[in-house]
Amino acid sequence: MSSTTPPPATAAIRRYRPADHDAVYDICVPTADAGGDARGRYASDDLMPDLFAGPYLHLEPDLAFVLTDADRVVGYVVGTADTPAFVRAYRREWIPRLADRYPEPTRAPRTPDEEMIALHHHPERLLLPELAGYPAHLHIDLLPGHQRRGHGRRLLETFASAAARAGAPALHVGMVTANAAARRFYDALGFHVVPVPDPGPLTYLGRAPG
């Protein structure tokens, strides 16, 4: 997602609309496995977008933006300017909304699906003391054919500006450490590592919004 190639004139960023919902879900899945294709990895291909795209579309639509190319949605950025408030809303609204689809676990997770569902039922995992100074966070995805053309930078800066207007002094991302391409992308945009004890498979990166 570097900016070595200028974006085509047909590509444009606009605010998310409810009619874009299915397109956002369709983009999330082919990039949900550490940047690779997660189709068929879980019992339902909706599982990953239900955790990492859907709640933002529902709870924070004013901070959701899509990239279109000839009127087709080919990328998106979603997030929140206030992670603690988002976590409260997730528990209050999003978990009950999906209760029939993802009942609360009654045992420790044993499968990849159960591991993701356990994350869904514990949004407080997002509340790390080390990230308190970076209250905004985001998720960004582009279809493979639209990566490394400058679109990711434009989407991220669009979100960063909107988060700053909403009052966020800084933002962070939690990226899968194994995703080397994502790390190069964030490094090029001025992100730095935020040390977090026992981060598991993730690396946390922070940046002022400007």
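A. Here's a closer look at the pairing of strand β2 (residues 65-69). The buried fraction of β2 amounts to five of the five residues, a majority that puts the element mostly inside the structure. Because side chains alternate across β2, one face comprises the buried residues Phe-65, Leu-67 and Asp-69, and the other comprises Val-66 and Thr-68, equally buried. Examined bridge by bridge, strand β1 (residues 11-15) and β2 share five bridges and lie antiparallel to one another. What sits directly across from Ala-12, in β2, is Thr-68. Relative to strand β3 (residues 72-80), β2 is paired through five bridges, and the arrangement is antiparallel. Bridge pairing links Val-66 to Tyr-76 in β3. Counted along the chain from β2 to the antiparallel partner β3, the turn is two residues long, and its residue Ala-70 has a positive phi close to 55°.

B. Seen up close, the layout of surface pockets. Approximately 170 Å³ is the volume found for the second largest pocket. Lining the second largest pocket, in full, are Tyr-16, His-21, Tyr-25, Asp-50, Gly-54, Leu-57, His-58, Trp-94, Arg-97, Leu-98 and Arg-101. For the lining of the second largest pocket, the secondary-structure elements that each account for two or more residues are α1 (21-28), α3 (54-59) and α4 (83-97). Broken down by element, the lining of the second largest pocket gets its largest block of residues, three residues, from α3. Here the lining of the second largest pocket is built from residues that sort into five nonpolar, three polar and three charged.

C. Looking closely at helix α7 (residues 180-188). Burial in α7 covers these residues: Ala-182, Phe-185 and Tyr-186. Along the axis of α7, the buried residues cluster in a sector spanning 90°; they form a single face. Those residues of α7 that are exposed and angled more than 90 degrees off the buried face are Arg-184 and Ala-188. Where α7 is buried, its residues touch β4 (136-142), α6 (151-165), β5 (171-176) and β7 (202-207). Looking at the residues trailing α7, positive phi occurs at Gly-190, about 90°.

D. Structural view of the sheet that holds β2. Pairing is mixed in the open sheet, where seven strands are placed in the order β1-β2-β3-β4-β5-β7-β6. Since the sheet does not close on itself, it has two edges, and those belong to β1 and β6 (192-193), each with one partner. Two elements, β4 and β5, share two bridges in a ladder whose sense is parallel. Following the sheet pairing, Ala-136 is matched in β5 by Leu-171.

E. Structural context of the side chain of Asp-50. Within the fold, Asp-50 resides in helix α2 (residues 47-52). Within the local environment of Asp-50, its side chain forms a polar contact with the side chain of Arg-101, the two groups lying 2.7 Å apart. With residues up to four places along the chain from it excluded, the contact list for Asp-50 reads Tyr-25, Pro-55, Tyr-90, Trp-94, Leu-98, Arg-101 and Tyr-102.

F. Representation of the side chain of Asp-69. Within the secondary structure, Asp-69 sits in strand β2. On the basis of relative accessible area, Asp-69 is assigned to the buried category, the value being 17%. Beyond its immediate stretch of four places on either side in the chain, Asp-69 contacts Thr-10, Ala-11, Val-74 and His-146.

Rules used throughout
Residues numbered from 1 in each chain as written. Predicted model: local features only at pLDDT ≥ 70, side-chain atom pairs only at ≥ 80, totals over all residues. Heavy atoms only, no water. Buried < 20%, exposed > 50% of the residue type's maximum accessible area, 1.4 Å probe, protein only. Helix = DSSP H or I, 4+ residues; strand = E, 2+ residues; numbered from the N terminus. Pairing = 2+ DSSP bridges. 1 Å grid on protein atoms, 1.4 Å probe; cavity = no way out; pocket = protein on both sides within 12 Å on 5 of 7 lines; lining within 4 Å. Points joined across faces, edges and corners; volume = space filled by probe spheres on them. Nonpolar A, V, L, I, M, F, W, Y, C, P; charged D, E, K, R; others polar. Arc of directions from axis to C-beta. Contact = heavy atoms within 4.5 Å. Polar contact = N/O pair within 3.5 Å; in protein donor to acceptor, adjacent residues only side chain to side chain.

Interpretation in functional terms is not warranted from these geometric data alone.
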